[in-house]
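# Summary of structural features
Spelled out from the first residue to the last, the chains are:
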Amino acid sequence: MMAAQSKLLFQLNKYVNERVSARKANVNKTLREVCKVVTDVLKEVEVQEPRFISSLVENENGRYDGLEVISPTEFEVVLYLNQMGVFNFVDDGAIPGCAVLKLSDGRKRSMSLWVEFITASGYLSARKIRSRFQTLVAQAVDKCKYRDQVKMIADTTEVKLRIRERYIVQITPAFKCSGIWPRSASHWPLPHIPWPGPNLVAEVKTEGFDLQSKESLHQAGKQSSAEGDAWVLSFSEAENKLLQGGCRKKCLSVLKTLRDRHLDLAGHPVMNYHMKTLLLYECEKHPREMDWDESCLGDRINGILLQLISCLQSRKCPHFFFAWA
């Protein structure tokens, strides 16, 4: 048994050194190219409309805050907006996975930085902000110095750029909500599961979540005004915080590489986000830190791949934070 474990670990480390490292290097190279173009477009947007300030900044670790790698050719940049203060966060579960921002007091309408995007009912409309932002980005694309390399993708309400005919970047306006936790995710963490511990839970809930202006799966194809005004809840930062420690990040890198090389199929039945979600469930199943030692990497990956097979068979992958999904 030990010999088989050693062999698996040897092969995994070889895979990490050859395949995973190569993927990371390629993605990092692509990110630098893509971010150069997106930064220039967002600078043009800011010149036209100072309320949309670029938050795409390289941090001290050489990573870009607010940037998510969907696949080696597809990325999402979150553009954080300012001044959510005059709005109340309303999360009543009426629209699954979404919440609304409602004026705390009708008399404060004129005090809002986003006054023209507030509906008659007092809601800050995610769709109206995105529509305005889309117009600004289209104009910026025509003016920026990389205009020969970048195009807007039509036929979508999302703000998407195609760069050098090879890469797709979605730019998503969002508000960061720190220090609060949505009611629709209040069941997390489950009381009978020891991971994560109370200190980590407190950190994650303090970090909070994002409210993003994008179409959710539940909104797709629906034109109702309420759904268009709603903001999609995103827990990307919370998920990243949960995956610190042990071999969790290494495990995710292996899973992403396996997905990109072998499971990048028509219709995208398996995305890297599914891999991340299944890794979080594996953390619940194996709550002890010793279970995430480097020597356990093979066992953890086997467990996640078995979960993936089950999800594909049932055509369901439950959301980590939402009980209903």
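Now for a look at the structure at hand.

What counts, and at which threshold
Residues numbered from 1 in each chain as written. Predicted model: local features only at pLDDT ≥ 70, side-chain atom pairs only at ≥ 80, totals over all residues. Heavy atoms only, no water. Axes fitted to C-alpha atoms, helices over the stretch in contact; angles between N-to-C directions. Helix = DSSP H or I, 4+ residues; strand = E, 2+ residues; numbered from the N terminus. Parallel < 35°, antiparallel > 145°, perpendicular 65-115°, else oblique. Left-handed = near helix turned anticlockwise from the far one by under 90°. Contact = heavy atoms within 4.5 Å. Expected span 1.5 Å × (residues − 1). Buried < 20%, exposed > 50% of the residue type's maximum accessible area, 1.4 Å probe, protein only. Phe/Tyr/Trp six-rings, centres within 6.5 Å; stacked < 30°, edge-to-face > 60°.

Quick look at the packing of helix H7 (residues 272-285) against helix H8 (residues 297-314) now. Interaxial distance between H7 and H8 falls to 9 Å at its minimum, and their mutual angle equals 120 degrees. One element, H7, and the other, H8, form an angle in the oblique class. As H7 runs across H8, the sense of the crossing is right-handed. Residues Met-275, Leu-278, Leu-279, Tyr-281, Glu-282 and Lys-285 of H7 lie in contact with H8, whose contacting residues are Asp-299, Arg-300, Gly-303, Ile-304, Gln-307, Leu-308 and Cys-311.

With 15 residues, helix H6 (residues 248-262) extends 21 Å between its outermost C-alpha atoms, agreeing within 8% with the 21 Å of an ideal straight helix rising 1.5 Å per residue. Every buried residue of H6 is accounted for by Arg-248, Cys-251, Leu-252, Ser-253, Val-254, Leu-255, Thr-257, Arg-259 and Asp-260.

In this section: H7. Under the 1.5 Å per step criterion, the end-to-end length of H7 is 20 Å for 14 residues, consistent within 8% with the ideal 20 Å. Among the 14 residues in H7, 11 count as buried, and that is most of the element. Three or more residues of H7 are buried, namely Asn-272, Met-275, Lys-276, Thr-277, Leu-278, Leu-279, Leu-280, Tyr-281, Glu-282, Cys-283 and Glu-284.

On to the packing of aromatic side chains. Taken as a whole and assessed by the stated rule, the structure comprises 16 aromatic pairs. Each ring, one from Phe-89 and one from Phe-209, has its centre 5.3 Å from the other, and the planes form 50 degrees; the classification is tilted. Of the two residues, Phe-89 sits in strand E3 (residues 87-90) while Phe-209 sits in strand E8 (residues 209-212), which places them 120 residues apart along the sequence. Overall, the relative accessible area of 22% leaves Phe-89 in the partly exposed class. Here Phe-209 falls in the buried class, since its relative accessible area comes to 3%. Here a set of aromatic residues connected by ring pairs shows up, and it is made of Phe-89, Trp-181, Trp-188, Phe-209, Phe-235, Tyr-281, Phe-320, Phe-321 and Phe-322.

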